[in-house]
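# Chains, contacts and geometry: an overview
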Amino acid sequence: MVFSSQAYWVQKRDGRLVCGASEDAAGYDASVTERGIARLTRWTPRVFPFLAGRAPAMTWAGLRPATVDGRPLIGAVPGSPDALLAAGHYRNGILLAPATAALIGGLLQGRPPEPEAAASFAPERFARGASRASRG
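Right, let's get into the nonpolar core. Counting residues in hydrophobic clusters, the biggest one holds five residues: Ala7, Trp9, Leu40, Phe48 and Leu51. In this structure, Leu51 is in contact with Leu17 and Thr44, ignoring residues within four places of it in sequence.

What follows deals with the environment of Val32. Residue placement: Val32 occurs in the loop between strand S3 (17-20) and helix H1 (34-47). Counting along the chain gives 10 residues from Val32 to Ser22, while the straight-line C-alpha distance between them is 9.3 Å. Setting aside residues up to four positions removed in sequence, Val32 forms contacts with Ile37, Thr59, Trp60 and Ala61.

Quick look at the sheet that holds strand S1 (residues 2-3) now. Across the sheet, which stays open at both edges, the three strands sit in the order S1-S2-S3 with antiparallel pairing between neighbours. Strands at the two margins of the open sheet, each flanked by one partner only, are S1 and S3. Pairing of S1 with strand S2 (residues 8-11), which is carried by two bridges, proceeds in the antiparallel orientation. Counterpart to Phe3 in the pairing with S2 is Tyr8.

This next bit is on the pairing of S2. Each regular strand shows side chains that alternate between the opposite faces of the sheet. Remark: four residues form the turn of the hairpin made by S1 and S2, two consecutive strands paired antiparallel. Bridge count between S2 and S3: four bridges; the pairing is antiparallel. Among the inter-strand pairings, Val10 is bridged to a residue of S3, identified as Val18. Adjacent in sequence and paired antiparallel, S2 and S3 are bridged by five residues, among which Gly15 carries a positive phi angle near 95°.

To describe a pair of aromatic rings, you give the distance between the ring centres and the angle between the ring planes. Enumeration over the complete set of coordinates arrives at three aromatic pairs. On the numbers, 6.4 Å between centres and 45° between planes, the contact of Phe3 with Tyr8 is tilted. The partly exposed category is assigned to Tyr8, whose relative accessible area is 31%. Each member of the aromatic cluster is reached from another via a ring pair, and the members are Trp9, Phe48 and Phe50. Looking at Arg46, its charged tip hangs above the ring of Trp43, at a distance of 4.8 Å from the centre.

Attention shifts here to the environment of Ile104. Topologically, Ile104 is positioned in helix H2 (residues 93-108). For the pair Ile104 and Ala76, spaced 28 residues apart in sequence, the C-alpha to C-alpha distance is 9.3 Å. Excluding residues that lie within four positions of it along the chain, Ile104 makes contacts with Ile74, Gly75, Leu84, Leu85 and Ala86.

Let's shift gears to H2. Of all the bends in H2, the greatest measures close to 35° and is centred on Ala99. Every buried residue belonging to H2 is among Thr100, Leu103, Ile104 and Gly106, and all of these are buried. Among the structural elements, strand S4 (73-77), strand S5 (80-87) and helix H3 (115-121) are those in contact with the buried residues of H2. Phi turns positive one or two residues past the end of H2, at Gly110, with a value near 85°.

Attention now goes to H1. With 14 residues, H1 should reach 20 Å at 1.5 Å per residue; the first-to-last C-alpha distance of 20 Å fits that figure. Of all the positions in H1, only Gly36, Arg39, Leu40 and Thr44 are classed as buried. The arc that holds the buried residues of H1, viewed along the axis, is 135°, so those residues lie on one side. Those residues of H1 that are exposed and aimed more than 90 degrees away from the buried face are Glu34, Arg35 and Arg46. At its buried positions, H1 is contacted by S2 and S3.

Cut-offs used in this document
Residues numbered from 1 in each chain as written. Predicted model: local features only at pLDDT ≥ 70, side-chain atom pairs only at ≥ 80, totals over all residues. Heavy atoms only, no water. Core = buried A, V, L, I, M, F, W, Y, C linked by side-chain atoms within 4.5 Å. Buried < 20%, exposed > 50% of the residue type's maximum accessible area, 1.4 Å probe, protein only. Contact = heavy atoms within 4.5 Å. Helix = DSSP H or I, 4+ residues; strand = E, 2+ residues; numbered from the N terminus. Pairing = 2+ DSSP bridges. Phe/Tyr/Trp six-rings, centres within 6.5 Å; stacked < 30°, edge-to-face > 60°. Lys NZ or Arg CZ within 6 Å of the ring centre and 35° of its normal. Bend = angle between axes of the 7 residues up to and from the residue. Expected span 1.5 Å × (residues − 1). Arc of directions from axis to C-beta.

Written out as structure tokens, the structure is:
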């Protein structure tokens, strides 16, 4: 793996070199943008000069759902106490997976989360009528 301030590069087992990650606020549009690809292709030859002038073999985009306050939604779905939610991790899903699993696993076993975690990640913080103070 090679990291720079603008991108990362990873060689896959089959020899392909994967470059990422650009970011554009696009709502639910999962198409790539010329701006994002252009930034990555501009930076690649600075790190790997032998790739100068080479076009990407393929491009793709993924969605990174986020919440307004930047904290994921972890807990019971408001109005459906038997349904649990673990979403909105944005770019930190892999990093927060162990903590999310511990919270959800505890809830499935009937253990309530620590009060601070419950308040910070509770899905109902965005429920209609929730006070501004409870939203953090």
